[in-house]
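Fold and geometry: a report
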Amino acid sequence: MNGPELGHFALALACCLALAQTVLPLVGAHRREIRLMAAAPALALGQLAALAVSFLCLAGAAVTDDFSVQNIAENSAIAKPLLYKITGIWGNHEGSILLWSLILGLCGGAVAVFGRNLPAALRARVIAVLGGTAAGFELFCLTTSNPFDRVWPAPADGNGMNPLLQDPGLAFHPPILYAGYVGFAVPFAFAVAALLEGRVDAAWGRWVRPWAVAAWCFLTCGIALGSWWSYYVLGWGGYWFWDPVENASLLPWLTGTALVHSAIVVEKREALKIWTVLLAIGTFSLSLSGTFLVRSGILNSVHAFANDPARGVFILGLLGLVIGGSLLLFALRAPLLAAGGIFAPLSREGALVLNNILLCSICAVVLTGTMYPPFASLLFGATISVGKPFFDATAVPMAIPLFAAMAIGPMMPWKRARMAPVLMRLWWAALGGLAAGLWAAFGLRGLLPVLAFGFAVWVILAAFADLAQRIQLFQLPPAQSWRRARLLPRAALGAAIAHAGAGVTVIGLAGMSQAAHRIVEVHAGDSVDMAGYQWRLVGIADAPGPNYTARVATLVVSRHGRTVTVLHPSKRNFATQSTTTSEVAIHTNLITDLYAVLGDEHRGVAGQPDTAVLRLHDNWLAPWMWLGALVMAIGGALSLSDRRVRVGAPRRAASVGVVGGKVA
């Protein structure tokens, strides 16, 4: 048996194991059959092994240029570099769905391995829900999106990969983004299991939180990588365009952020139980909805996969089963989840509730702006465009109070608080934020960038103020403060770092709102003045590439007669795909990006020299946007490294026993 057939059979085996993983543990948990519940981890690991074999078989076909596999013939070529032959596996619809299934299998395997401290019935139900979700995607692969379909006769060479995807940033963006999307399947499975069991308590909140934080970290990195790719590959000079598919990734990030915070309330105060369960269901539902929108053809986007109605119908049916079924279960079982943990509005719980309200409000606005145009076209035949001005005018203002509250919440005690002592501990952070806002008022254009800059500094300083309060800096001798700092829980340190990272990102966003740009047509040897720099086009020359030919410009950027950098923007022509792409040249000093794009060349007439079109940008504080996202993810990872977060869940009181092979 050759590789593609083995991969196909392994995928079919994984689907059978996933179905067994769904049915047997659920039956076991319902009947209290300990043997059936104990089968869940083995089935999850078996499914993971089968999926790994299937994925490796597809990778082998890609690396060996097996063009008898239709997926490889359509998305690869002999001349394509090896890195992109491998990463191109998930650069197309069929391969990306197989990757999605593999990550779902990894989630089930992770729960099987690391969930040994869970109660047997809860663990069985969680693994069963993950198995059912995985079975749906594996059936999708086998029926309408089979990556192992053959083509005959096999072509001598393939069509090649979309040149825009032949980039290291996008090579690693999809796996990280999918890990975020799919990672929220675990909190979703915990939510469904809790509804089936009729119980949510502090232990449940502690079990859910690390999975939610891990998924949130991956999704944060995935979105940041996608934004960075848009910035330096597409050549538009921007970083976020409120593209429908970009919004599809932002929506679960917003609700996932709310989920991480509300799970803390469940763990600490056993409050917000029903709301947290609903957030877990909603976040994964938005992840699945994004998959449907990207692959159904409903949304037009540079990021979207090809339109295929059959695939869209299948995903829509899967969405209806997963989302509709879980929401129906929520409607039936949520009243059984006893509310508890009464608290005053002015408390840390109250601040986290406000955080949730604002995040979900922003999510609702983005969802409305994204989905209203296709629904208006479907229902009323109206063509409506909702773009950047709408989202900037509606979502951004709601982020300002969110940042105002972010600094205060961590400083407030649980259950009940008084505002005066909290503000006294934050006075110097407030003063720093006010000073930053006043400074920004003289350097930035527009009220929103000024407010964003001031509140971002306020959040960063408040994060340090929180840590200073915990170690009693300047209240104890330095040696004692250092000792307290070394004993500080990494979860608390990670939360402060993540909040500071959010502030850094917002500072970058405020700076980018002031970016300067020009589109000019110049002769070789001519100079252009922009943003205090002199940009001189030295010339344009041909250059070969591994699977393309290029025209490369040499652009010298100087300031006050001193050379700052030499940029080499280029245009690449891929003969196999008959496609031309622009390669951006960027010089950064972490304060500003000097950004150049080579456009069309025009032949001179009547003895005139040739000219070239250049797009020039001076993007202030652009690197801070992605630096802040990295800091946020590091903060989340640091929280996960705290053993008390990962494995320190309180054990539930024993309420069951084992009698005759059954859980009594």
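Quick look at the structure, then.

Rules of the game
- Here the residue numbers are simple positions, counted from 1 along each chain's written sequence.
- Whole-chain, interface and lining totals are the exception, using all residues; otherwise, since this is a predicted model, local features are given only for residues with pLDDT of at least 70 and side-chain atom pairs are given and counted only at 80 or more.
- The side-chain values count all of the structure's non-hydrogen atoms but skip hydrogen atoms and water molecules.
- Working definition: helices are DSSP H or I runs of at least four residues, strands are E runs of at least two. Numbering for both runs from the N terminus.
- With the radius of gyration taken over C-alpha atoms, the globule rule is written as 2.2 Å times the number of residues to the power 0.38.
- Three labels apply to residues, based on accessible area from a 1.4 Å probe with only protein chains included: buried if under 20% of the type maximum, exposed if over 50%, partly exposed otherwise in between.
- Throughout, a residue-residue contact means that at least one pair of heavy atoms, one from each residue, lies within 4.5 Å.
- All accessibility values rest on the Shrake-Rupley procedure with a 1.4 Å probe; residue burial counts only the protein chains present in the view.
- Note on charges: Lys and Arg go in the positive column, Asp and Glu in the negative column, and His and the chain ends are not counted at all.
- We put the charge of a Lys on NZ, of an Arg on CZ, of an Asp on CG and of a Glu on CD.
- Aromatic pairs are defined between Phe, Tyr and Trp rings, using the six-membered ring for Trp, whenever the two ring centres lie within 6.5 Å; interplanar angles under 30 degrees are classed as stacked, those over 60 as edge-to-face, and all others as tilted.
- Cation placement over rings: the criterion is NZ of Lys or CZ of Arg within 6 Å of the ring centroid and within 35° of the ring normal.
- Here the term patch refers to residues with relative accessible area over 30% and no salt bridge, with like charges joined within 9 Å and nonpolar side chains (Val, Leu, Ile, Met, Phe, Trp, Tyr) within 5 Å.
- Salt bridges are defined by distance alone: a side-chain nitrogen of Lys or Arg within 4 Å of a carboxyl oxygen of Asp or Glu.
- Under this definition, polar contacts are N or O atom pairs within 3.5 Å; protein pairs additionally need one hydrogen-donor-capable and one acceptor-capable atom, and for neighbouring residues in sequence, both atoms have to be side-chain atoms.
- Angles here are taken between N-to-C directions and fall from 0 to 180 degrees, while the axes themselves are lines fitted to C-alpha atoms, restricted in helices to the stretch in contact.
- Oblique is the label for any angle not under 35 degrees, not over 145, and not in the 65 to 115 range, which are roughly parallel, roughly antiparallel and roughly perpendicular in turn.
- The crossing is said to be left-handed when, going from far helix to near helix, the turn is anticlockwise and less than a right angle, and right-handed when the turn is clockwise.
- Ten residues, namely Ala, Val, Leu, Ile, Met, Phe, Trp, Tyr, Cys and Pro, are considered nonpolar, four, namely Asp, Glu, Lys and Arg, are considered charged, and the remaining ones, Gly among them, are considered polar.
- Residues belong to one nonpolar core when they are buried, are Ala, Val, Leu, Ile, Met, Phe, Trp, Tyr or Cys, and are joined through side-chain atoms within 4.5 Å.
- Here, two cysteine sulfur atoms that lie within 2.5 Å of each other are counted as a disulfide.
- By this rule the span expected of a helix is its residue count minus one, scaled by 1.5 Å.
- Between any two strands, at least two bridges found by DSSP are needed for them to pair.

This part covers the overall build of the chain. Counting its secondary structure elements, the chain contains 21 helices and 12 strands. Relative to the 2.2 N^0.38 estimate, which gives 26 Å for 664 residues, the radius of gyration of the chain is 27 Å and therefore close to what a compact globule would have. Taken along its principal axes, the extent of the C-alpha atoms in the chain is 95 × 75 × 60 Å. The buried share of the chain, reckoned over its 664 residues, is 54%. Residue pairs at least 24 apart in sequence account for 73% of intrachain contacts in the chain once pairs closer than 6 positions are excluded. Taken as a whole, the chain presents about 28,400 Å² of accessible surface, with 67% of it coming from carbon and sulfur. Distance between charge centroids for the chain: 18 Å, based on 45 positive and 31 negative side chains.

For the rest of this paragraph, the subject is the packing of aromatic side chains. Within this structure, the stated rule accounts for 17 aromatic pairs. An angle of 50 degrees between the planes, with centres 5.1 Å apart, marks the rings of Tyr231 and Tyr595 as tilted. Residue Tyr231 is located in helix H9 (residues 202-233), and its partner Tyr595 is located in strand E9 (residues 592-602); the two are separated by 364 residues in the primary sequence. Given a relative accessible area of 1%, Tyr231 falls into the buried group. Tyr595 gets classed as buried once you look at its relative accessible area, which sits at 0%. Seen from their ring centres, Trp439 and Phe453 are 5.6 Å apart, and the 40 degrees between their planes marks the pair as tilted. You can see Trp439 sitting in helix H16 (residues 427-443) and its partner Phe453 sitting in helix H17 (residues 447-471), a full 14 residues away along the chain. Since its relative accessible area comes to 52%, Trp439 is described here as exposed. For Phe453, a relative accessible area of 9% corresponds to the buried category. The structure contains a cluster of three or more aromatic residues connected by ring pairs, namely Trp100, Phe137, Tyr178 and Tyr181. Across the ring face of Tyr533, the terminal group of Arg559 is positioned such that the distance to the ring centre comes to 4.6 Å.

This paragraph deals with a nonpolar patch on the surface. Together, Trp427, Trp428, Leu431, Leu434, Leu438 and Phe464 make up a nonpolar patch on the protein surface, roughly 670 Å² of accessible area in all. For the nonpolar patch, the element with the highest residue contribution is H16, accounting for 5 residues. Residue placement: Phe464 occurs in helix H17.

A few words now on the pattern of salt bridges. Between side chains of opposite charge, a pair can form when the charged atoms approach closely. Under the criterion given, the structure shown has 15 salt bridges. Among the salt bridges present, the one from Lys273 reaches Glu270, with a minimum N-O distance of 3.6 Å. Glu270 sits in the partly exposed class, given a relative accessible area of 31%. The network of salt bridges with common partners includes Arg206, Arg209, Glu267 and Lys268.

Turning next to the side chain of Ser68. Structurally, Ser68 can be placed in the loop between helix H2 (34-63) and helix H3 (70-75). Within polar-contact distance, the side chain of Ser68 engages the side chain of Asp66 at 2.5 Å. If we ignore the near neighbours within four places in the chain, the residues touching Ser68 are Asp149, Arg150, Val151 and Ala154.

Another point: the packing of H16 against H17. The contact between H16 and H17 brings their axes to 8 Å, and the two run at 155 degrees. Classed by the angle they form, the pair H16 and H17 counts as roughly antiparallel. Crossing of H16 over H17 shows right-handed handedness. Packed against H16, whose contacting residues are Trp428, Ala429, Ala430, Gly432, Gly433, Ala436, Gly437, Trp439, Ala440 and Ala441, the element H17 presents Val450, Phe453, Gly454, Val457, Trp458, Leu461, Ala462, Phe464 and Ala465 at the interface. Class assignment for the residues of the contact of H16 with H17 results in 15 nonpolar, 4 polar and no charged.

On to unusual backbone geometry. Here Trp152 and Pro153 are connected by a cis peptide whose omega angle stands at 0 degrees. Its place among the elements puts Pro153 in the loop between helix H6 (120-143) and helix H7 (168-183). Here Glu270, not a glycine, exhibits a phi torsion of approximately 50 degrees, which is positive. Looking at the secondary structure, you find Glu270 in the loop between helix H10 (244-269) and helix H11 (273-296). With phi around 55 degrees, Gln472 is a residue other than glycine that occupies positive phi space. Checked against the element boundaries, Gln472 lands in the loop between H17 and helix H18 (478-486). Residue classification places Gln472 among the partly exposed residues on the basis of a relative accessible area of 25%.

A separate point is the nonpolar core. In terms of nonpolar packing, the biggest core is built from 156 residues, with Phe190, Trp204, Val277, Leu426 and Phe453 touching the most fellow members. In terms of residue count, the dominant contributor to this core is H9 (16 residues). In this structure, Phe190 is in contact with Leu118, Leu122, Val126, Trp204, Trp207, Val208 and Trp211, ignoring residues within four places of it in sequence. Met530, Trp535, Leu537 and Leu614 belong to the second-largest nonpolar core, a separate cluster that totals 18 residues.

Once that is clear, we can look at the environment of Gln21. Secondary-structure assignment places Gln21 in helix H1 (residues 3-31). For Gln21 and Met406, which are 385 residues apart along the polypeptide, the C-alpha to C-alpha distance reads 42 Å. When neighbours within four sequence positions are excluded, Gln21 is seen to be in contact with Leu43, Ala44, Gln47, Ile127, Ala128, Leu130 and Gly131. At a separation of 2.7 Å, a polar atom in the side chain of Gln21 contacts the side chain of Gln47.

This part takes up the state of the cysteines. Counted according to the given criterion, the structure contains 0 disulfides. Cys217 takes part in no disulfide bond, and the closest cysteine sulfur to it belongs to Cys221, at a distance of 6.9 Å. Free of any disulfide, Cys363 has its nearest cysteine sulfur in Cys360, 6.4 Å distant. Given a relative accessible area of 7%, Cys363 falls into the buried group.

What follows concerns the environment of Arg209. Within the fold, Arg209 resides in helix H9. Owing to a relative accessible area of 11%, Arg209 belongs among the buried residues under this scheme. Each C-alpha atom, one on Arg209 and one on Gly539, is 56 Å from the other, the two residues being 330 residues apart in sequence.

With that out of the way, let us pick up H10. Here H10 contains 26 residues, and its C-alpha end-to-end distance of 38 Å stays within 8% of the 38 Å for a straight helix at 1.5 Å per residue. Within H10, 24 of the 26 residues are buried, which leaves the element mostly enclosed by the surrounding structure. Measuring from the backbone nitrogen of Val245 back to the side-chain oxygen at the start of H10 gives 2.8 Å, which picks out Asp243 as the cap. Glu270 sits one or two positions beyond H10 and adopts a positive phi of about 50 degrees.

Spatially, E1-E10-E9-E8 is the arrangement adopted by the 4 strands of the open sheet, whose pairing is antiparallel. Every interior strand has two partners, whereas the edge strands, strand E1 (516-523) and strand E8 (585-588), have only one. Ignoring strand direction, the axes of neighbouring strands in this sheet form an average angle of 20 degrees. Alignment of E1 against strand E10 (residues 611-620), held across 8 bridges, turns out to be antiparallel. The partner of Arg518 across the bridge, within E10, is Leu616.

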